[in-house]
Amino acid sequence: MGPNKWRTPDDANRGAGLIGPNAILQLLPVLERAGGQPLRDQVMAAAGVFAPPSDEGMMPEGPAARMHQALRAIEPEMAPSLAWAAGERTARYIMARRIPKPAQLLLRVLPAALAAPLLSKAIARHAWTFAGSGEFAVTGPLVFEIRDNPIVRGEVSKTPLCHWHAAVFETLFRSLVDTRLRCAEESCCATGAPACRFVLNRG
């Protein structure tokens, strides 16, 4: 299995409106650490999510989006750091469960100029696991865009909101390509931009 082929729960779940359950599952322990069960339950209740999703297969994107939106509404100051921590956990889950170890080893030993496009292609093949019905594109070896991003759909903000996505990209690329890489969301659908645009640069 090459480095651009991940193991996924079910490639048939590629349909619009589905997203990976880690959009919620990796956020829950972060909420518990930050504010205990009361904060976790408050965010879940506000999002209309009354039980954690199964970690098998995919789930509707609506509950995942509402979880992240509820967090931003309830804890606006902590939301960026909590979403980032959840994104780091999501990336570590992907490396532990989805990217075969031989592929990870290959990416780590390749020069960054070769490893980066390979990892970008792998991310693009399975973008629906974190982009849902949004339109994902790789616009450069280290540049990603999500149009109509469901995690911020309908929100209005003066600053970019997609800390969870940025953390996923940064953690994967720092772990598998170059430890000096940092990811910044340069534009966001919530600010009125046509796409959420993530750029990786050496810090």
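Everything numeric in this text was worked out from a predicted model, so none of it was measured.

Calculation rules
Residues numbered from 1 in each chain as written. Predicted model: local features only at pLDDT ≥ 70, side-chain atom pairs only at ≥ 80, totals over all residues. Heavy atoms only, no water. Helix = DSSP H or I, 4+ residues; strand = E, 2+ residues; numbered from the N terminus. Rg over C-alpha atoms; globule rule 2.2 N^0.38 Å. Buried < 20%, exposed > 50% of the residue type's maximum accessible area, 1.4 Å probe, protein only. Contact = heavy atoms within 4.5 Å. Polar contact = N/O pair within 3.5 Å; in protein donor to acceptor, adjacent residues only side chain to side chain. Salt bridge = Lys/Arg side-chain N within 4 Å of Asp/Glu carboxyl O. Pairing = 2+ DSSP bridges. Axes fitted to C-alpha atoms, helices over the stretch in contact; angles between N-to-C directions. Parallel < 35°, antiparallel > 145°, perpendicular 65-115°, else oblique. Nonpolar A, V, L, I, M, F, W, Y, C, P; charged D, E, K, R; others polar.

S.K.: Lay out the overall build of the protein chain in plain terms, naming residues and giving numbers.
M.R.: On a plain count of helices and strands, the protein chain comes out with eight helices and six strands. Listed by position from the N terminus, the elements making up the protein chain come as β-α-α-β-α-α-α-α-α-β-β-α-β-β. Taking 203 residues into account, the globule formula puts the C-alpha radius of gyration at 17 Å, and the protein chain, at 16 Å, falls close to it. Here the protein chain, with 203 residues, has 50% of them falling under the buried criterion. Of all intrachain contacts in the protein chain linking residues separated by at least 6 positions in sequence, the fraction that spans at least 24 positions is 70%.

S.K.: Now, about the environment of Trp128: what can you tell me, with residues and values included?
M.R.: Relative to the elements of secondary structure, Trp128 occurs in helix H7 (residues 128-131). For the pair formed by Trp128 and Asn201, sequence separation is 73 residues and the distance between their alpha carbons is 24 Å. There is a polar contact of 3.2 Å between the side chain of Trp128 and the backbone oxygen of Arg125.

S.K.: Could you give an account of the pattern of salt bridges, with specific residues and numbers?
M.R.: Within the structure shown, the criterion is met by 10 salt bridges. Between Glu32 and Arg40 there is a salt bridge, and its shortest N-O distance comes to 2.7 Å. In this structure Glu32 comes out as partly exposed when scored by relative accessible area, which is 36%. The partner of Glu155 in a salt bridge is Arg72, with the nearest N and O atoms 2.4 Å apart. With Glu155 in the loop between strand S4 (143-147) and helix H8 (163-176) and Arg72 in helix H3 (residues 61-74), the pair connects residues that are 83 residues apart, well separated along the chain. Residue classification places Arg72 among the buried positions, given a relative accessible area of 14%. Counted as one network, the salt bridges with shared partners bring together Glu32, Arg40 and Asp41.

S.K.: Can you lay out the environment of His68 for me, pointing to particular residues and giving the numbers?
M.R.: Along the chain, His68 falls in helix H3. The spacing of His68 and Lys121 is 53 residues in sequence and 26 Å in space, taken between C-alpha atoms. When near neighbours in sequence (up to four residues on either side) are disregarded, His68 contacts Ala23, Leu27, Ile151 and Trp164. Reaching out from His68, the side chain makes a polar contact with the backbone oxygen of Ala23 at a distance of 2.8 Å.

S.K.: Break down unusual backbone geometry for me, citing the residues and quoting the values.
M.R.: In terms of backbone geometry, most residues other than glycine have negative phi values and most peptide bonds are trans. Despite not being glycine, Asp148 shows a phi value in the positive range, around 55°. Counting through the fold element by element, Asp148 comes out in the loop between S4 and H8. For Asp148, a relative accessible area of 44% translates into the label partly exposed.

S.K.: I'd like a rundown of the pairing of S4, residues and numbers included.
M.R.: Counting buried positions along S4 gives four out of five residues, so the element sits mostly inside the fold. Judged from the five bridges that link them, strand S3 (residues 135-140) and S4 form a sheet pairing that is antiparallel. Counterpart to Val138 in the pairing with S4 is Phe144. Judged from the four bridges that link them, S4 and strand S6 (residues 196-202) form a sheet pairing that is antiparallel. When the bridges of S6 are listed, Ile146 appears paired with Cys196.

S.K.: So what's going on with the sheet that holds S6? Residues and values would help.
M.R.: Reading across the sheet, the four strands line up as S3-S4-S6-S5 and stay open at both edges, with antiparallel pairing between neighbours. Unpaired on one side and paired on the other, S3 and strand S5 (181-187) mark the two borders of the sheet. Going across the sheet, the axis of each strand differs from the next one's by a mean of 20°, ignoring polarity. Alignment of S5 against S6, held across six bridges, turns out to be antiparallel. Looking across to S6, one finds that Leu181 is bridged to Arg202.

S.K.: Describe the packing of helix H2 (residues 28-47) against H3, naming the residues involved and giving the relevant values.
M.R.: Across the interface, H2 lies against H3 with an axial gap of 9 Å and an inter-helix angle of 105°. The angle between H2 and H3 falls in the class roughly perpendicular. Across the interface between the two elements, Leu28, Leu31, Leu39, Gln42, Val43, Met44, Ala46 and Ala47 from H2 touch Arg66, Met67, Ala70, Leu71 and Ile74 from H3. Among the residues making up the contact of H2 with H3, the classes are represented as 11 nonpolar, one polar and one charged.

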